[in-house]
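Observations on chain architecture
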Amino acid sequence: MRASPRPAGRRASTVERVARDRGEAGGEAEEMRWDALFADLEAQWEAGAAEERDREIAEAVRAERATVPFADRLRAQRGERVSMIVAGAGSMVVDVDTVGEDWLAGAEGHVGVLVPLEAVLAVDGLPRRAQEETSPTRRRLRMTSALRALGRDRAVVSLLSAQADVLATGLLAAVGRDHVDVARTRPGETPRAREGHGLRTVPLSAITLVRSEDGPVM
């Protein structure tokens, strides 16, 4: 026999209600799964983008540091006490005063010192910060300029070599392009720019340290 059709207006059976509820629940669960998937993808993308930014920043910092000269890092220590090793002089603690293109001037205790940067073998605890020389005039001053200032002030200086030899002690009688003439003096002798055998010529390439008992160099 044929089943009688469900009368119009009859309430849904329990089986029908359960099927309908399951369908709605399944749709909500599917929507939640998609939301979780997109949230996870978004989190991964943001993490990857942050890592990429960090890598770009680190690379930019490395590139910038690669262009920083040694003199600029030392110049940032003006007014500070710096521990360094200098060829022929060994370990020194220098109060940094002025840093030029290829030289450093300051004081070791009460003694003024002038150091060619190429003679600096090591510096302890040098911070990474740097300071460029903003003065065009100062940028052009090389070690010969500092030596001429000592000669003008008639300062008695001692020139040391990489072998720790005292190359000459006396007045800087003349400063050439790549050498100096020193009017040698002896203890108790009045310094004067003597000629002939009293003069000693020293190539700048042989000098690793200039000491001035008259105080700071610059």
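Residues numbered from 1 in each chain as written. Predicted model: local features only at pLDDT ≥ 70, side-chain atom pairs only at ≥ 80, totals over all residues. Heavy atoms only, no water.

**So, the layout of surface pockets**
Of the voids in this model, the largest pocket is the one considered here, and its volume is about 220 Å³. Grouping the constituent residues of the lining of the largest pocket by class yields 5 nonpolar, 2 polar and 4 charged. (1 Å grid on protein atoms, 1.4 Å probe; cavity = no way out; pocket = protein on both sides within 12 Å on 5 of 7 lines; lining within 4 Å. Points joined across faces, edges and corners; volume = space filled by probe spheres on them. Nonpolar A, V, L, I, M, F, W, Y, C, P; charged D, E, K, R; others polar.)

**Let's talk about unusual backbone geometry**
We note that Arg154 has phi near 55°; this positive angle belongs to a residue other than glycine. Looking at where Arg154 falls in the secondary structure, it is placed in the loop between helix 4 (143-152) and strand 6 (156-160). Notably, Ala164 is not glycine yet its phi reads approximately 70°, a positive angle. Mapped onto the secondary structure, Ala164 falls in the loop between strand 6 and strand 7 (166-175). (Helix = DSSP H or I, 4+ residues; strand = E, 2+ residues; numbered from the N terminus.)

**A short note on the sheet that holds strand 1 (residues 81-86)**
As a general point, the strands of a sheet are linked pairwise by backbone hydrogen bonds and lie either parallel or antiparallel. The strand order across the open sheet built from 10 strands is 5-1-2-3-4-10-6-7-8-9, with neighbouring strands paired in antiparallel fashion. Here the strands that pair on one side only, and so sit at the sheet edges, are strand 5 (120-123) and strand 9 (199-203). On average, adjacent strands in this sheet sit at an angle of 45° to one another, irrespective of strand direction. In terms of strand pairing, strand 3 (residues 103-108) meets strand 4 (residues 111-116) through 6 bridges, oriented antiparallel. The partner of Ala105 across the bridge, within strand 4, is Leu114. Contacting strand 3, strand 4, strand 6, strand 7, strand 8 (179-184) and strand 10 (209-212), helix 4 runs over the sheet at an angle of about 85° to strand 7. (Pairing = 2+ DSSP bridges. Axes fitted to C-alpha atoms, helices over the stretch in contact; angles between N-to-C directions. Contact = heavy atoms within 4.5 Å.)

**Points about the pattern of salt bridges**
Evaluation of the coordinates by the stated rule reveals 5 salt bridges. For Arg75, the salt bridge identified is with Asp72, shortest N-O distance 2.6 Å. Within this pair, Arg75 and its partner Asp72 are both found in helix 2 (residues 70-75), separated by 3 residues, close to a single helical turn. Note on accessibility: Arg75 and Asp72 belong to one class, buried. Of the charged contacts, one joins Glu108 and Arg211 as a salt bridge, the two residues approaching to 3.6 Å between their closest N and O atoms. Here the residue Glu108 occupies a position in strand 3, and Arg211 occupies one in strand 10, the gap between them amounting to 103 residues. (Salt bridge = Lys/Arg side-chain N within 4 Å of Asp/Glu carboxyl O. Buried < 20%, exposed > 50% of the residue type's maximum accessible area, 1.4 Å probe, protein only.)

**Comments concerning the pairing of strand 10**
Bridge count for strand 4 against strand 10 is 3 bridges, and the pairing is antiparallel. Paired with Gly112 across the two strands is Ser212, which belongs to strand 10. Taken together, the 4 bridges between strand 6 and strand 10 define a ladder with antiparallel strand orientation. Each bridged residue has a counterpart across the sheet, and for Leu159 the counterpart in strand 10 is Val210.

**Regarding empty space enclosed by the protein**
Using the criterion set out here, one finds 1 cavity of 30 Å³ or more in the structure. Taken as a whole, the largest cavity encloses approximately 50 Å³ of empty space. Elements with a contribution of two residues or more to the lining of the largest cavity: strand 2 (90-99) and helix 3 (136-140). Residues of the lining of the largest cavity, tallied by class, amount to 3 nonpolar, 2 polar and 5 charged.

**Side note on the side chain of Thr208**
Tracing the backbone through its elements, the reader meets Thr208 in the loop between strand 9 and strand 10. The exposure class of Thr208 is buried, given its relative accessible area of 7%. Among the polar contacts made by the side chain of Thr208, one reaches the main-chain carbonyl oxygen of Ala87 at a distance of 2.8 Å. Among the polar contacts made by the side chain of Thr208, one reaches the main-chain carbonyl oxygen of Ser161 at a distance of 3.2 Å. Beyond its immediate stretch of four places on either side in the chain, Thr208 contacts Val86, Ala87, Gly88, Val115, Pro116, Ala119, Leu160, Ser161 and Ala162. (Polar contact = N/O pair within 3.5 Å; in protein donor to acceptor, adjacent residues only side chain to side chain.)

**Let's talk about the environment of Val115**
Its place among the elements puts Val115 in strand 4. For the pair Val115 and Ala87, spaced 28 residues apart in sequence, the C-alpha to C-alpha distance is 9.7 Å. The residues touching Val115, leaving out its near neighbours within four places in the chain, are Val86, Asp102, Trp103, Leu104, Val120, Thr208 and Leu209.

**Details of a nonpolar patch on the surface**
Among the surface-exposed residues, Trp34, Leu37, Phe38 and Leu41 lie close enough to one another that they form a single nonpolar patch of about 410 Å² accessible area. The topology assignment puts Trp34 in helix 1 (residues 14-66). (Patch = residues over 30% accessible without salt bridge, like charges linked within 9 Å, V, L, I, M, F, W, Y side chains within 5 Å. Areas by Shrake-Rupley, 256 points an atom, 1.4 Å probe, with all protein chains shown as cover.)

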